[in-house]
Amino acid sequence: MGQKTPLLDTVCEFAFPRFAGTEGERRAGEMVAERLRAAGLEVTREPIRVSRSAYPNLRALAHGLGALGVVVLAATATTGNPLPGVFLAAALLAALLGGAKWHRSLEGIFDTGSMVDSANFTARRPGRGGRPRIVVVMAHIDTKSARWPTFLPVTLIGGAALGTAALGVWCALAVALAWEPMAAGAAAVWGSVLAAMMIAPTMNRIGNESPGAMDNATGVSVLLEAARTFPTDPALADAELLFVATGAEEIGLGGALRWIQTHESECPRDRTAVLNLDSVGVGRGVLGLDIHGGLPGGLRMTDAFRKAAVASGVKARRIRVLPGVGVDTMPISSRGYSTVTLLGRVPGGASVRIHTARDTAEHLCEAGLRDAATVLTELARMAAKPVG
């Protein structure tokens, strides 16, 4: 890690277990509020309650449907007409992959079952003029540990999806080319392996053992740096600035959901941009995820992300989806807001450490944190630019 610097110092200070609803999360929230007030901002603590079981139940349902589709497909592969199984498997696999998106129609489930008490923290710097641009900078406070590191469930989900697609293609070709039906033994093995791969991620128990330096003390660090510097940035002088630290992200993005449910009426879609920070500072460069909408003057958020990276001299790449991975902008972008989540190089070797006791600060770098901070600043300036 080398010599510590202000951004890394902050990461180290927040690197302790802080699962949603625990004393660690409450302590981290108080620390964030204190830093935001030290930056001269007025801070509001917003208590929230979200379901502990909603996300695991939805995920188990989606994975169960996917596994059922594989079993049916494998069974029909041994017949002379596997196409009904192909269509059913495709539909159920679509349901599994659809779990990677946010569905507003299912939000009510977060009000059911065993509930967790958490909190969001919002600091506001008022804008100038009658209709100022609104720039929301967001990062989640909480963390979690899991039995398996993130890369394994993601690999299992992706592999199961690809394997099911390959089996479906084989069946379709068998019908088109009049091949002999697949042998029962081969179909049973193929289907069993794929079904097990789909079900296994639902057995990944979570806990409170990860210090969460990467996920997401890094995002909190850059958020606090933005809260210190943005209010005095001339390019942001007229904008309304909101700095939001969410709780309960690791139990289904509950904090972000509660925040937008509370503040939607105060943030018109046509002049609000939400910039989220999650697991930055992993190597050099940034990734952009959940990029939606546009910025003033008709600039698409995708183009803004690229331009901000070029202006900052930072390598950047957009990723459309990470199977089984959610970010706080998802319940917000589903409502039509312009959003982007900035990530570090998490899909690489860092995925072995995320959500484990090895998620510590020595694996991070100041330059990567600074990359995220400079791209964030450029995006905020673009989002705050007056139209006309």
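Scroll up to find the structure this text is about.
Here we summarise the structure given alongside this text. (Residues numbered from 1 in each chain as written. Predicted model: local features only at pLDDT ≥ 70, side-chain atom pairs only at ≥ 80, totals over all residues. Heavy atoms only, no water.)

**Description of the pairing of strand E7 (residues 272-277)**
Counting buried positions along E7 yields six of six residues, so the element is predominantly enclosed. Because side chains alternate across E7, one face comprises the buried residues Thr272, Val274 and Asn276, and the other comprises Ala273, Leu275 and Leu277, equally buried. With six bridges connecting them, strand E3 (residues 134-140) and E7 associate as parallel partners. By the bridge assignment, Val136 is partnered in E7 with Val274. With five bridges connecting them, E7 and strand E12 (residues 338-343) associate as parallel partners. Bridging from a neighbouring strand, Val274 pairs with Thr339 of E12. (Buried < 20%, exposed > 50% of the residue type's maximum accessible area, 1.4 Å probe, protein only. Helix = DSSP H or I, 4+ residues; strand = E, 2+ residues; numbered from the N terminus. Pairing = 2+ DSSP bridges.)

**Comments concerning the packing of aromatic side chains**
Geometrically, a pair of aromatic rings is defined through the distance of the ring centres and the angle of the planes. Enumeration over the complete set of coordinates arrives at three aromatic pairs. Between Trp102 and Phe110 the ring centres are 5.7 Å apart and the planes differ by 20 degrees, which places this aromatic pair in the stacked class. On the basis of relative accessibility, which here comes to 3%, the residue Phe110 falls in the buried class. Ring centres of Trp170 and Trp179 lie 5.8 Å apart, and the angle between their planes is 55 degrees; this geometry places the pair in the tilted category. A relative accessible area of 39% places Trp179 in the partly exposed class. One cation-aromatic arrangement involves Arg18 over Phe16; the distance from NZ or CZ to the ring centre is 6.0 Å. Between Arg27 and the ring centre of Phe16, over which it is positioned, the NZ or CZ distance is 4.0 Å. (Phe/Tyr/Trp six-rings, centres within 6.5 Å; stacked < 30°, edge-to-face > 60°. Lys NZ or Arg CZ within 6 Å of the ring centre and 35° of its normal.)

**A short note on the pattern of salt bridges**
With the rule as written, the count across this model stands at 18 salt bridges. The closest approach of N and O atoms between Arg35 and Glu13, which form a salt bridge, is 2.2 Å. Taken together, the positions of Arg35 in helix H2 (residues 23-38) and Glu13 in helix H1 (residues 6-14) put the pair 22 residues apart, joining distant regions of the chain. On the basis of relative accessibility, which here comes to 36%, the residue Glu13 falls in the partly exposed class. As a salt-bridge pair, Arg26 and Glu23 come within 3.3 Å of each other at their nearest N and O atoms. Placement of the pair is Arg26 and Glu23 together in helix H2, with a separation of three residues, close to one helical turn. (Salt bridge = Lys/Arg side-chain N within 4 Å of Asp/Glu carboxyl O.)

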